[in-house]
Amino acid sequence: MNENYDMLAKCLYGFEAVLARELRHLGAQNVKEGVRNVKFKGDKGFMYKANLALRTAIRILIPIETFTLRNEDDLYNYLSKVSWEKYLNETGTLAIHSSVNSQIFSNSHYVSLRSKDAIVDYFRRKYHKRPSIDIRHPDVQFDIHIQNNTCTVSLDSSGESLHKRGYRSDTNIAPINEVLAAGLILMTGYDGSQHFIDPMCGSGTLLIEAAMIANNIPANINRQEFAFEKWQDFDEDLFSLIHDALLKRIRNNEKKIMGFDKAPSAVRKAQNNVSNASLEEFITIDRKNFFVEDCPVEGNTIVLFNPPYGERLTVNVPVFYREIGDTLKQHYPDTNVWLITSDFNSGLKNVGLRTSRKIKVFNGKLECRFVKYEMYAGSRKAKKQHDQNRAN
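Attention in this report is confined to the structure presented alongside it.

1. Remarks on the overall build of the protein chain
The number of helices and strands found in the protein chain is 10 helices and 15 strands. For 392 residues, the compact-globule estimate of 2.2 N^0.38 gives 21 Å, and the protein chain sits close to it at 24 Å. Taken over the C-alpha atoms alone, the protein chain extends approximately 75 × 45 × 45 Å along its principal axes. Split into buried and exposed, the 392 residues of the protein chain put 52% on the buried side. Each charge class in the protein chain can be summarised by its mean position, and for the 53 positive and 47 negative side chains these summaries are 6 Å apart.

2. Focus on unusual backbone geometry
In this structure, Asn 30 takes a positive phi of about 50 degrees despite not being glycine. Positioned with a positive phi, Arg 36 is a non-glycine residue whose angle comes to about 60 degrees.

3. Thoughts on the pattern of salt bridges
In total, this model carries 15 salt bridges according to the counting rule given. Measuring nitrogen to oxygen at the nearest pair gives 3.9 Å for the salt bridge that ties Lys 44 to Asp 233. Placement of the pair is Lys 44 in helix α2 (residues 44-53) and Asp 233 in the loop between α6 (205-214) and α7 (236-248), with a sequence separation of 189 residues. The exposure class of Lys 44 is buried, given its relative accessible area of 7%. Here Asp 326 and Lys 329 are joined by a salt bridge, their closest N and O atoms 3.8 Å apart. Here Lys 329 and Asp 326 lie together in helix α9 (residues 317-331), a separation of 3 residues that amounts to about one turn. On the basis of relative accessible area, Asp 326 is assigned to the partly exposed category, the value being 30%. The class of Lys 329 is partly exposed, set by a relative accessible area of 46%. One connected set of salt bridges, linked through shared partners, spans Arg 114, Lys 116 and Asp 117.

4. Comments concerning the sheet that holds strand β5 (residues 93-101)
Pairing within the open sheet is mixed, and its 8 strands lie in the order β2-β3-β1-β4-β8-β7-β5-β6. Edge positions in the sheet fall to β2 (29-33) and β6 (132-133), since each has one partner strand and no second. Bridge count for β5 against β6 is 2 bridges, and the pairing is parallel. Its bridge partner being in β6, Thr 93 is matched across the sheet by Ser 132. Along the sheet, α2 contacts β1 (5-10), β3 (37-42) and β4 (59-68); its crossing angle with β1, the most-contacted strand, is approximately 10 degrees. In the packing of helix α4 (residues 108-127) onto the sheet, the strands contacted are β5, β6 and β7 (140-147), and the crossing angle to β5 comes to about 140 degrees.

5. Comments concerning the side chain of Lys 49
Tracing the chain through its elements places Lys 49 in helix α2. Excluding residues that lie within four positions of it along the chain, Lys 49 makes contacts with Leu 26, Leu 54, Ile 242 and Leu 246.

6. Considering the environment of Ile 213
Tracing the chain through its elements places Ile 213 in helix α6. The exposure class of Ile 213 is buried, given its relative accessible area of 7%. When the C-alpha atoms of Ile 213 and Arg 251 are compared, they prove to be 10.0 Å apart, with 38 residues separating the residues in sequence.

7. Here we look at the nonpolar core
With 56 residues, the main nonpolar core has Leu 23, Phe 40, Ile 60, Trp 84 and Phe 142 as its most contacted residues. When residues in this core are grouped by element, the largest group, 6 residues, is from α2.

8. Observations regarding helix α5 (residues 178-187)
Of all 10 residues in α5, 9 are buried, a share of seventy percent or more. Where α5 is concerned, the buried positions are Glu 178, Val 179, Leu 180, Ala 181, Ala 182, Gly 183, Leu 184, Ile 185 and Met 187. The distance from a side-chain oxygen at the start of α5 to the backbone nitrogen of Val 179 is 2.7 Å, and the residue carrying that oxygen is Asn 177. At the exit of α5 stands Gly 189, carrying a positive phi of roughly 90 degrees.

9. Section: α6
In terms of burial, α6 is a largely internal element, 10 of the 10 residues being buried. Along α6, the residues that are buried comprise Thr 205, Leu 206, Leu 207, Ile 208, Glu 209, Ala 210, Ala 211, Met 212, Ile 213 and Ala 214. Looking at the packing, one finds that the buried side of α6 touches α5, β9 (195-198), β10 (257-261), α8 (264-276), β11 (284-287) and β12 (301-305).

Parameters and conventions
- Residues numbered from 1 in each chain as written.
- Predicted model: local features only at pLDDT ≥ 70, side-chain atom pairs only at ≥ 80, totals over all residues.
- Heavy atoms only, no water.
- Helix = DSSP H or I, 4+ residues; strand = E, 2+ residues; numbered from the N terminus.
- Rg over C-alpha atoms; globule rule 2.2 N^0.38 Å.
- Buried < 20%, exposed > 50% of the residue type's maximum accessible area, 1.4 Å probe, protein only.
- Lys, Arg positive; Asp, Glu negative; His and termini not counted.
- Charge placed at Lys NZ, Arg CZ, Asp CG, Glu CD.
- Salt bridge = Lys/Arg side-chain N within 4 Å of Asp/Glu carboxyl O.
- Pairing = 2+ DSSP bridges.
- Contact = heavy atoms within 4.5 Å.
- Axes fitted to C-alpha atoms, helices over the stretch in contact; angles between N-to-C directions.
- Core = buried A, V, L, I, M, F, W, Y, C linked by side-chain atoms within 4.5 Å.
- Polar contact = N/O pair within 3.5 Å; in protein donor to acceptor, adjacent residues only side chain to side chain.

So, in structure tokens, the structure goes:
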């Protein structure tokens, strides 16, 4: 099918506008932001492109059925009437993911079980055979979403979450999610025209996502499999065409992308992940202590880091964050600094710098703040005067 149809891209809370911009840039139509999702229209080729290229999408769903529920039995009854052979054959495999926000159902696992029963019974009645359940590598993965009285059944075109890019083999404690990392970078306005530094780089995820943005490398180009590749209507030639067209848009960026960490193990892990992503020529990683090193570059620079917090931090939190602020003031003039943290009180308030932006985001289930500090040499008054002089 080459006609346009409705799709929905899931995302993390707070990144709906970022994802919507990505979709428009790729060429999506009728883009509409929701809560943790963005709806849009496109054809089969665009669905392939969205899975390959979107940086802030968790998965791409294609709604196939929507109906209103009055009670629990309605779920089974409605699903029993869907022509499931359009998507799955009687000897195939399936998996079902459910999410529920309804007074009719309180348990998403129960919804998955009842939905599975309806699909399996449909095939058994009609073909005297039934598909099997395979939660790891199904032929088709269905998504059941119940919001109040409305049930939406979708095909999951992605399979495993799109944050699983395929390049990360080594991680540290509580590594940042790839989709979150890309979203944070895009929120800063980074586009490759600036230098990029992560002074507490951990396993290197922020650096890798930045390098892919800077060089226009599709986010999931290293991924081994998408769910749609097992669909009955999968068009391998069209997928190859889309894949190759995206590769042709890759550019070579010459701005610095630099990371450092004081832990030798973190440096090794980051270097291994950079190698897995084939980005060694664009990223440099060194063992350095952020608190004693000067900013290694001059010019337009974005500094973005995910300082350790919670289970990752065993030092005195107020002192640690006070040292972050002092280091930025002394060693990072004329940079735009962004950091994400969940330590609002004992941490963030002790940085001692005025934030120019503060954004609520989530790292998993952990509520965080993504904050910006505009660093400059000298006083704020001197900075303002300098900007006025340049304008004149």
